[in-house]
Amino acid sequence: MDQIVFQTEITSTTSLKTTPVYYPVSCAYERPENWAPPLYDPLLFQTHGQGDLAFHMALMKDDFSGVATSTTFSLGSMIPIAASVDQQSHQPLMLLLEECVASTTPEIGPDSHIYPLITNKGCLVDSKKTSSVFLPRSQLSEIRLNLQAFKFAIGEDVYIHCKLVAWDPRDLDGGKKACQYDKSSSRYNHRSLNIFLPFVTIMNGPVSFCRWLLLDDPSQSSLCSCCDTKCRGRKKRGITADSLMLNSVLGPLVIIGN
């Protein structure tokens, strides 16, 4: 066909006692060259406009040099993801991933089977049990994430649902942050540890202190202390949350067993 046709129906009633009248409506437009119906394309940047902001999200190559050429990942391998925000006349903003879950459906419903990745307003909970990690930023308006391919819906289509948030980088708090679990923060042997903690009995062998770290400033990692409980943020005047948040979906991708 050389046309795009939209069809709908208009219902009209003049009173509660009359029978509704239905008017079929059909609009035909010339089909633009190379036009195709909008579908999920995991090998393209997903771009969404919100006011004067444009959010982007995509699966990437291992070195983040470009968009991924495959959407199939072996269990345990890394799934590189990049998200960014372009801004025109806005104040400089930092991009955060507030929530991310994996699901077997492109839309999440009450019965959807999900796997939590980032929860509690920016806590990469998957990093507690895998090697998933945020990567150092090259710019505030972009965030990069390596997800370790997880044991969820093996062999099925998987979609990554994320809430992207653009925020004032000078106003991070418990509700606006990017935190990950560092399982190798510090290692001591039991003798050196007893020097610092003389009243604590430590078993022989190396000891690891695991903790939540703030991606953008480890010295402020206390903002991540709520990641194992309930994180709450304070409201900020001058920035409306609705205008700086957007939900994005990546997929489908497929995780296969080794």
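Chemist: I tried to follow the sheet that holds strand S7 (residues 94-103) on my own but got confused; where do I start?
Modeler: Strands belonging to one sheet form pairs held by backbone hydrogen bonds; the direction of such a pair is parallel or antiparallel. Strand order in this open sheet of five strands is S5-S15-S12-S7-S8, and the pairing throughout is mixed. Of all strands in the sheet, those with a lone pairing partner are strand S5 (72-74) and strand S8 (114-118), marking the two edges. On average, each strand axis in the sheet is inclined to that of its neighbour by 35°, with strand direction left out of account.

Chemist: Is there a simple way to explain the packing of aromatic side chains in this structure?
Modeler: For the structure shown, the criterion picks out four aromatic pairs. Here Tyr115 and Phe150 contribute two aromatic rings whose centre-to-centre distance is 4.7 Å and whose plane-to-plane angle is 10°, an arrangement assigned as stacked. Residue Tyr115 is found in strand S8, and its partner Phe150 is found in the loop between strand S11 (142-148) and strand S12 (157-167); the two are separated by 35 residues along the sequence. Assigned by exposure class, Tyr115 and Phe150 land together as buried. Considering the side-chain rings of Tyr115 and Phe152, the 5.8 Å spacing of their centres and the 40° angle between planes classify their relative orientation as tilted. Here Tyr115 is found in strand S8, whereas its partner Phe152 is found in the loop between S11 and S12, with 37 residues between them in sequence. Under the relative-accessibility criterion, Phe152 is labelled buried at 4%. In this structure, Lys128 packs its charged tip against the face of Tyr181, placed 4.9 Å from the ring centre.

Chemist: I'm lost on the state of the cysteines in this one. Help?
Modeler: Disulfides are covalent bonds that link the sulfur atoms of two cysteine residues. Going through the model one piece at a time under the given rule, you end up with four disulfides. Between the sulfur atoms of Cys123 and its disulfide mate Cys227 the distance is 2.0 Å. In this structure the cystine formed by Cys123 and Cys227 twists about its S-S bond by roughly -80°; its chirality is therefore left-handed. Taken as a pair, Cys123 in strand S9 (residues 123-124) and Cys227 in the loop between strand S14 (207-214) and strand S15 (245-256) lie far apart in primary sequence, 104 residues in all. Between the sulfur atoms of Cys226 and its disulfide mate Cys231 the distance is 2.1 Å. Taking the sign of the S-S torsion, 100° for the link of Cys226 and Cys231, the bridge is right-handed. Looking at Cys226, the relative accessible area reads 13%, which means it is buried. Take the cysteines of the protein that form disulfides and number them in order along the sequence; they join up as 1-3, 2-7, 4-5, 6-8.

Chemist: What is the right way to read the pairing of strand S4 (residues 53-59) from this model?
Modeler: Consecutive side chains of a regular strand alternate in pointing toward one face of the sheet and then the other. Extensive coverage of S4 is indicated by the burial of six of its seven residues. Relative to strand S6 (residues 78-87), S4 runs antiparallel, the two sharing seven bridges. By the bridge assignment, Phe55 is partnered in S6 with Val85.

Chemist: In this structure, what is going on with the pattern of salt bridges? I would like to understand it.
Modeler: Note that side chains of opposite charge can pair when their charged atoms are close. Enumeration over the complete set of coordinates arrives at six salt bridges. Note that Glu98 and Lys176 form a salt bridge whose closest N and O atoms lie 3.6 Å from each other. Taken as a pair, Glu98 in strand S7 and Lys176 in the loop between S12 and strand S13 (179-188) lie far apart in primary sequence, 78 residues in all. You'll find Glu98 and Lys176 in the same group, each marked buried. Residue Arg170 pairs with Asp168 through a salt bridge whose shortest N-O separation is 3.1 Å. Residues joined in a network through salt bridges with shared partners are Glu98, Lys163 and Lys176.

Chemist: Would you explain the nonpolar core in this entry?
Modeler: Counting 54 residues, the largest nonpolar core has Ile79, Leu97, Phe134, Phe150 and Ile160 as the members making the most contacts within it. In terms of residue count, the dominant contributor to this core is S12 (seven residues). Ignoring sequence-local partners within four residues, the contact set of Phe134 consists of Leu97, Ile118, Gly122, Leu124, Ile143, Arg144, Leu145, Ala178, Cys179, Gln180 and Leu215.

Chemist: Even after reading the chapter, I still don't get the pairing of S6, so can you show me in this structure?
Modeler: In terms of burial, S6 is a largely internal element, seven of the 10 residues being buried. Relative to S11, S6 runs antiparallel, the two sharing seven bridges. Paired with Ile81 across the strands is Leu145, a residue of S11.

Chemist: Teacher, can you tell me more about the environment of Asp157 here?
Modeler: Within the element layout of this structure, Asp157 appears in strand S12. Sequence-wise, Asp157 and Thr104 are 53 residues apart; in three dimensions their C-alpha atoms are separated by 5.8 Å. Apart from residues lying up to four places away in sequence, Asp157 is in contact with Ser103, Thr104, Pro252, Leu253 and Val254.

Rules behind the numbers
- Residues numbered from 1 in each chain as written.
- Predicted model: local features only at pLDDT ≥ 70, side-chain atom pairs only at ≥ 80, totals over all residues.
- Heavy atoms only, no water.
- Pairing = 2+ DSSP bridges.
- Helix = DSSP H or I, 4+ residues; strand = E, 2+ residues; numbered from the N terminus.
- Axes fitted to C-alpha atoms, helices over the stretch in contact; angles between N-to-C directions.
- Phe/Tyr/Trp six-rings, centres within 6.5 Å; stacked < 30°, edge-to-face > 60°.
- Buried < 20%, exposed > 50% of the residue type's maximum accessible area, 1.4 Å probe, protein only.
- Lys NZ or Arg CZ within 6 Å of the ring centre and 35° of its normal.
- Disulfide = S-S within 2.5 Å.
- Salt bridge = Lys/Arg side-chain N within 4 Å of Asp/Glu carboxyl O.
- Core = buried A, V, L, I, M, F, W, Y, C linked by side-chain atoms within 4.5 Å.
- Contact = heavy atoms within 4.5 Å.

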